[in-house]
Amino acid sequence: MFEKTRLKLTAWYLLIIMLISFTFSAVIFNVQMVEVERFARAQRTRFERQYRPDTFFVSQPFLIDPDLVAETQKHLLSNLLIINSIIIIISGGFGYFLAGKTLRPIKEMVDDQDRFISDSSHELKTPLTSLKSAMEVALMDKTFTLVDAKKLIKENIADVDRLHYLSESLINLSRNKEQNGNSIFENISLSIVIESAIKKILPQANNKKIVIKKSLVNTDFCGDKEKIENLITILLENAVKYSSSNKTILIKTAKTNKTLSFSVTDHGQGISKKDLPFIFDRFYRADPSRSRSKAPGFGLGLSIAKMIVEKHHGEIGVKSRLGHGSMFIVTLPRNVS
Ligand code: ADP
């Protein structure tokens, strides 16, 4: 598909270059031929002036040799033909190279979308299949009681919750993917945004008796309040999700004249060196058997976090040791131009 489109684009480039080249060649040929004829006429006039009309030379036709004109014409034509062939060969190769360069970002975008669709449908399929088969098995069970029904509904609700979480994450992801669309940059206080993100996570933290500690310096900066809150919530949610009960999480801020930074540190399961380069990829989840985690998720949180940081022209990094914990650090410019 890519190769076919590349060849088509190359053919279009070639057609345009050939049209230009042939037009110029035709113009050059005509101008040169007019020039040759003008030269022949000038030559004749000069001879006529130099020698009297009754002299030998005037009556000799070889002074304006028509064969010479025809030969010049042939030479010119063959030269132009050679030049045009060289132009076509060079521009063919160059056009093919340029067509590849032009189409590559489009190809990458299409590949990325295909991957996204296939990953999303795979993630959607798993809970749907589990829902369907659980209900089919229950339907065929003749000894199915009300207690069993309640148990099944409970399990189904867990699957529906998973689907709900996934659809929310997908909407979140597509919202953040839009390049210029829906961002509202305003002056915001980082401490206030952190406080409201903590409020959201508190029920989950309390469930696991996890304490969230803060070390905040108040910093105003220009950003999209909703998205920054979303970013901090993702990092805090992960810190809670991947920590065992009774641990502590620390959120810390710092600032310089031009930048601000915040870090979320946990003492949870940590991330292995092998997984670290991929955790910001869409749908990537560290191997649960290695991380011994059964935490729910689809591997979308950190890719959304990265998009938000990039929208603010900032950077996100992570330091982690398997079994010891992780620290996610975000650095943002205080003024987004
Ligand atoms: P999700 O948490 O939904 O799986 P994320 O994109 O937020 O997706 O995270 C990707 C992966 O990175 C997770 O599956 C997990 O393995 C790892 N990860 C992220 N945050 C942490 C953390 N604080 N501690 C340990 N592992 C983490």
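A quick note: this is a predicted structure, and the numbers were derived from the prediction, not measured.

A. Just a nonpolar patch on the surface, in detail. Taken together, Trp12, Leu15, Ile16, Leu19, Ile20, Phe24 and Ile28 make up a surface patch of nonpolar side chains, about 740 Å² in accessible area. Mapped onto the elements, isoleucine 28 comes out in helix 1 (residues 2-50).

B. Highlighting the site of the ligand. In the vicinity of the ligand there are 19 residues, among which Asn238, Tyr242, Asp266, Arg285 and Leu302 approach most closely. In the environment of the ligand, a nitrogen atom lies 3.4 Å from a nitrogen or oxygen atom belonging to the side chain of serine 326. Protein chains bury 98% of the 530 Å² of accessible surface belonging to the ligand in isolation. Secondary-structure elements contributing two or more residues to the shell around the ligand are helix 5 (225-241), helix 7 (301-311) and strand 7 (325-333).

C. Spotlight on the sheet that holds strand 6 (residues 315-321). Read across the open sheet, the five strands follow the order 2-4-5-7-6; overall the sheet is mixed. Each edge of the open sheet is held by one strand with a lone partner, namely strand 2 (211-215) and strand 6. Taking the axes of each pair of neighbouring strands and ignoring which way they run, one obtains an average angle of 15° across the sheet. Docked against the sheet, helix 4 (residues 190-207) engages strand 2, strand 4 (248-255) and strand 5 (259-266), running at close to 170° with respect to strand 2. Sheet strands in contact with helix 7 are strand 6 and strand 7, and its direction is about 140° off that of strand 6.

D. Representation of the layout of surface pockets in the model. By volume, the second largest pocket is sized at about 290 Å³. As for the second largest pocket, its lining consists of Asp112, Arg115, Asp119, Lys177, Phe280, Asp281, Arg282, Ser303, Lys306, Met307 and Glu310. Elements with a contribution of two residues or more to the lining of the second largest pocket: helix 2 (66-140) and helix 7. Per element, the largest residue contribution to the lining of the second largest pocket is four residues, and it comes from helix 7. Residues of the lining of the second largest pocket, tallied by class, amount to two nonpolar, one polar and eight charged.

Rules and cut-offs
Residues numbered from 1 in each chain as written. Predicted model: local features only at pLDDT ≥ 70, side-chain atom pairs only at ≥ 80, totals over all residues. Heavy atoms only, no water. Patch = residues over 30% accessible without salt bridge, like charges linked within 9 Å, V, L, I, M, F, W, Y side chains within 5 Å. Areas by Shrake-Rupley, 256 points an atom, 1.4 Å probe, with all protein chains shown as cover. Salt bridge = Lys/Arg side-chain N within 4 Å of Asp/Glu carboxyl O. Helix = DSSP H or I, 4+ residues; strand = E, 2+ residues; numbered from the N terminus. Near = heavy atom within 4 Å. Polar contact = N/O pair within 3.5 Å; in protein donor to acceptor, adjacent residues only side chain to side chain. Pairing = 2+ DSSP bridges. Axes fitted to C-alpha atoms, helices over the stretch in contact; angles between N-to-C directions. Contact = heavy atoms within 4.5 Å. 1 Å grid on protein atoms, 1.4 Å probe; cavity = no way out; pocket = protein on both sides within 12 Å on 5 of 7 lines; lining within 4 Å. Points joined across faces, edges and corners; volume = space filled by probe spheres on them. Nonpolar A, V, L, I, M, F, W, Y, C, P; charged D, E, K, R; others polar.

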